[in-house]
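Geometric and topological summary
The chain contents come next:
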Amino acid sequence: MSRTPIPRQLLWQQLRQTTRSGAVRCRAQVQGVRHYAADNKEERESFKGQLYQSTHERVQRERADEERFARQRDAERAASGSSLGLAIPVALLAGAFGGWLMGKQTPKEPEPLSTAPLSVTKPPQHDTAPATLQAAWADLKDVVGEENLSTNADELASHAGSEWSSYAHKESDQAFCIVRPSSTEEVSGIMKVCHKRKIPVTGYSGGTSLEGHYAATRGGVCIDFSRMDQIVQLHKEDLDVVVQPAVGWEVLNEELAEHGLFFPPDPGPGAQIGGMISTGCSGTNAYRYGTMKDWVLSITVVMADGTIVKTKQRPRKSSAGYDLTRMFVGSEGTLGLVCEATLKVTPKPQNTRVAVCTFPTIRSAADCVFRVVGEGVPIAAVEILDDVQMKCINDVGRTSRSWKEAPTLFFKFSGTPTAVKEHISIVKDHAKKAGSQTFEFARNAEEGDELWEARKEALWSVMAKRRDDSDHVWTTDVAVPISRLPDIIDETKSEISKSGLTGAIVGHVGDGNFHAIILYNDKEHDIADDLVHNMVKRAIEMEGTATGEHGVGLVKRDYLPHEVGQSAVDLMRKMKQAFDPLCLLNCDKVIRAQQPKPGEVQEW
């Protein structure tokens, strides 16, 4: 074993101590021996030389030991250096892999933001690879049975859009398959399969919506609720009814009429409860009875991961917790799938009269509505139809008589005979002041019903005016504060007339809501697009809304920031992410899930 070298400073201290001690011993010897001048001087000098020589040799040995130790240490370092050069990268790689593994297992901290701006939102990552969809098919077959799955091309096309939709759907906007569940539990099973495999889902109820609500922009699976069409239970004493989503409002009212009841929201023919809830629809009765959100007590929904949630029980009022029911009304199938609903109903009016009043201009008709609403007259409904719409009604021939082709108001009065008579007198007086030309009543209940039915089929009567199969129809709606109704209807009517396109104006004007139904062909698309854009822009600038009852869908989502502000839209996106983190449910509707392509958003 090598000796540890002695530091140089310590070595010289020892040398000096040795020299001094040697001198002391020498003096002691001298004191004991008498020396004379004639003593040998060389002997004395050889002793001193020996001492110096011994010290020098010792220093040399220490230096040699120090150098040998240094060489040994360098050799050991060289030997271990080659193994360390490989060990360090291996250790770093192992540490990195371990960190990645821990990161995957450790839940990511949520972003501490109350809203979700599109600029920081990651695009959805769905899996619609053929192998994934084929595997899902086998799982879905176990849930609903093979007979309730379809990949028929015609069915897939009809479940992606319609000829009356304002959204021109593309061939790619189709689902891989259609699934028809029969219960809430089966819907839950379907969503668990799709959630596990990250397959997007589009809900389909009556298929009467207009803004591209059920276009399968991401492919995936379409859930058709047509088998869930039962009226589950009527609580006549409590004035509510429990229904499944594929119950049509007309069918429901036929059943309720046997008990002297009715359900007021009355959108277009064919609409079903699931879609009515999803779009927050209304109808001709909205002025008197309100919209869909006013008639839904509770909802049973299936969430994106298959969780089943019931929002409330059956009380008419509750202040318990968040109002989840209204959270889903108008959400257009983006937050959850409606599988059952408890709806309010009301006694059916026993006495109803329908009056028809014509005006020289659309503005004077709208001004009459403003007067009647401002007076607080409790009419059941008031509808506006312009001269073009009245002509379409006459041409279709669905009524037993022809009507004057002029801007017209339809009034519906209901209540006791005395109350109806009083309300008619007040309305007739306001109509005269607004410049009405005629004021007449349906001759009997049957004529009143057919006249109101003609109004309900306004869309189909305009579509009957198509020149050929290349013509399309664009149906849109807006709503404004009632005081601005005459202005916006007059301006919109004037612009449609100047465009050269056939376009009709109709609306549930008692609450400031009206529609435009426009015919156009492919060459005229840009003209129709500008008409609709200007109509929506005009409504928003009047502190109104881009849609009173049709919903947002795909067509009107880029108007939302102008109407409610970007922060409100970002908050909606945050809610969507909370309810549906994978963006599986009706992705791209209401709010954008990713940045638009250049030129995709129309300039304001």
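Details of the structure are given in the entry above.
Residues numbered from 1 in each chain as written. Predicted model: local features only at pLDDT ≥ 70, side-chain atom pairs only at ≥ 80, totals over all residues. Heavy atoms only, no water.

**Some points on the overall build of the protein chain**
- When helices and strands are tallied, the protein chain shows 18 helices and 18 strands.
- Put simply, the protein chain has 604 residues, and 46% of those count as buried.
- Taking contacts inside the protein chain between residues at least 6 apart in sequence as the whole, the part at least 24 apart equals 75%.
- Within the structure as shown, the protein chain displays about 30,800 Å² of accessible surface, and the carbon and sulfur contribution to it stands at 52%. (Helix = DSSP H or I, 4+ residues; strand = E, 2+ residues; numbered from the N terminus. Buried < 20%, exposed > 50% of the residue type's maximum accessible area, 1.4 Å probe, protein only. Contact = heavy atoms within 4.5 Å. Areas by Shrake-Rupley, 256 points an atom, 1.4 Å probe, with all protein chains shown as cover.)

**Focus on empty space enclosed by the protein**
- Applying the stated criterion across every chain, the model contains four cavities of 30 Å³ or more.
- Lining the largest cavity are 45 residues; nearest its centre among them are Thr208, Ser209, Leu210, Ala271 and Thr279.
- Where the lining of the largest cavity is concerned, the elements lending two or more residues are strand E3 (201-204), helix H7 (273-279), strand E10 (337-344), helix H13 (445-456), helix H14 (458-463) and strand E18 (513-520).
- Considering every element that reaches the lining of the largest cavity, the biggest residue donor is H7, with five residues. (1 Å grid on protein atoms, 1.4 Å probe; cavity = no way out; pocket = protein on both sides within 12 Å on 5 of 7 lines; lining within 4 Å. Points joined across faces, edges and corners; volume = space filled by probe spheres on them.)

**Examining the sheet that holds strand E14 (residues 408-414)**
- Taken together, seven strands build an open sheet; the order of strands is E15-E12-E14-E13-E17-E18-E16 and the sheet is antiparallel. Where the open sheet ends on each side, the last strands, each with one partner, are strand E15 (438-441) and strand E16 (472-479). For this sheet, the mean inter-axis angle between neighbouring strands, taken without regard to orientation, is 15°.
- For strand E17 (residues 503-507) and E18, the ladder comprises four bridges, and the chain directions are antiparallel. Within the sheet, the bridge partner assigned to isoleucine 505 lies in E18 and is alanine 516.
- Across the sheet, helix H11 (residues 387-396) is in contact with strand E13 (381-385), E14, E17 and E18; its angle to E17 comes to roughly 95°. (Pairing = 2+ DSSP bridges. Axes fitted to C-alpha atoms, helices over the stretch in contact; angles between N-to-C directions.)

**Focus on the sheet that holds strand E8 (residues 296-302)**
- Ordered in space as E5-E6-E10-E8-E9, the five strands form an open sheet in which the pairing is antiparallel. The sheet terminates laterally at strand E5 (231-235) and strand E9 (308-310), the two strands that pair on one side only. Each adjacent strand pair in this sheet contributes to an overall mean axis angle of 15°, direction not counted.
- In this sheet, strand E6 (residues 240-243) lies alongside E5 in antiparallel orientation, the contact comprising four bridges. From the neighbouring strand, isoleucine 231 faces E6, where its bridge partner is valine 243.
- Helix-sheet contacts for helix H6 (residues 249-257) involve E5, E6 and E10, and the interaxial angle to E5 is about 40°.

**A few points about the packing of helix H10 (residues 362-375) against helix H15 (residues 485-499)**
- One way to put it is that H10 packs onto H15 with a least axis distance of 8 Å and a crossing angle of 160°. Classified by the angle between their axes, H10 and H15 sit roughly antiparallel to one another. Note that H10 runs across H15; the crossing there is right-handed. For the pair H10 and H15, contact is made by Ile362, Arg363, Ala366, Asp367 and Val369 and by Leu485, Pro486, Asp487, Ile489, Asp490 and Lys493, respectively.
- Grouping the amino acids of the contact of H10 with H15 by side-chain chemistry returns six nonpolar, no polar and five charged. (Parallel < 35°, antiparallel > 145°, perpendicular 65-115°, else oblique. Left-handed = near helix turned anticlockwise from the far one by under 90°. Nonpolar A, V, L, I, M, F, W, Y, C, P; charged D, E, K, R; others polar.)

**With respect to the packing of helix H3 (residues 130-144) against helix H5 (residues 184-197)**
- H5 packs onto H3 with a crossing angle of 160° between their chain directions and a minimal axis gap of 10 Å. Relative to H5, the element H3 lies roughly antiparallel. The interaxial crossing formed by H3 with H5 has right-handed handedness. Touching Thr132, Ala135, Ala136, Asp139, Leu140, Val143 and Val144 of H3 are Glu186, Gly189, Ile190, Val193 and Arg197, all from H5.

**Thoughts on the side chain of serine 331**
- Topologically, serine 331 is positioned in the loop between helix H9 (324-328) and E10.
- Assessed through its relative accessible area of 8%, serine 331 is described here as buried.

**Here's the deal with unusual backbone geometry**
- For glutamate 332, which is not glycine, the phi dihedral falls at a positive 60°.
- As for its position among the elements, glutamate 332 is in the loop between H9 and E10.
- With relative accessibility at 6%, the residue glutamate 332 sits in the buried group.

**Focus on the packing of aromatic side chains**
- Taken as a whole and assessed by the stated rule, the structure comprises eleven aromatic pairs.
- Note on tyrosine 204 and tyrosine 214: the rings are 5.1 Å apart at their centroids and 90° apart in plane angle, and the pair reads as edge-to-face. Of the two residues, tyrosine 204 sits in strand E3 while tyrosine 214 sits in the loop between E3 and strand E4 (221-224), which places them ten residues apart along the sequence. For the pair formed by tyrosine 204 and tyrosine 214, the shared burial category is buried.
- A ring pair is formed by phenylalanine 328 and phenylalanine 579, whose centres lie 5.7 Å apart and whose planes are at 75°; its orientation type is edge-to-face. Taken together, the residues phenylalanine 328 in helix H9 and phenylalanine 579 in helix H18 (residues 566-579) connect sequence positions 251 residues apart.
- Three or more aromatic residues joined by ring pairs form one cluster here, namely Phe262, Tyr289 and Trp295.
- If you follow lysine 344 out to its NZ or CZ, it ends over the ring of tryptophan 295, 5.5 Å from the centre.
- The residue whose ring lies beneath arginine 353 is phenylalanine 441, and the NZ or CZ to ring-centre distance is 4.7 Å. (Phe/Tyr/Trp six-rings, centres within 6.5 Å; stacked < 30°, edge-to-face > 60°. Lys NZ or Arg CZ within 6 Å of the ring centre and 35° of its normal.)

**Observations concerning the pairing of E4**
- Residues Val221 and Ile223 of E4 are buried on one face, and the alternating residues Cys222 and Asp224, pointing to the opposite face, are buried as well.
- Inspection of the sheet shows strand E2 (residues 177-179) paired to E4 by three bridges, in the parallel sense. Bridge assignment links isoleucine 178 to a residue of E4, and that residue is cysteine 222.
- One ladder, built from four bridges, connects E3 with E4; its direction is parallel. Counted as the bridge partner of glycine 203 is isoleucine 223 from E4.

**Section: the pairing of E13**
- Summarising burial for E13: five of the five residues are buried, a large majority.
- Here E13 runs beside E14; their pairing, made up of five bridges, is antiparallel. Paired with leucine 385 across the two strands is threonine 408, which belongs to E14.
- Where E13 meets E17, two bridges bridge the pair, whose relative direction is antiparallel. Within E17, the position partnered with leucine 385 by the bridge is valine 506.

**As for H5**
- Over its 14 residues, H5 extends 20 Å from the first C-alpha to the last, a length consistent with the 20 Å expected when each residue adds 1.5 Å.
- Those residues of H5 not exposed but buried are Thr184, Glu186, Val187, Ser188, Gly189, Ile190, Met191, Val193 and Cys194.
- Of the residues one or two after H5, lysine 198 is the one with positive phi, at around 60°. (Expected span 1.5 Å × (residues − 1).)

On their own, these measurements won't tell you what the molecule is for.
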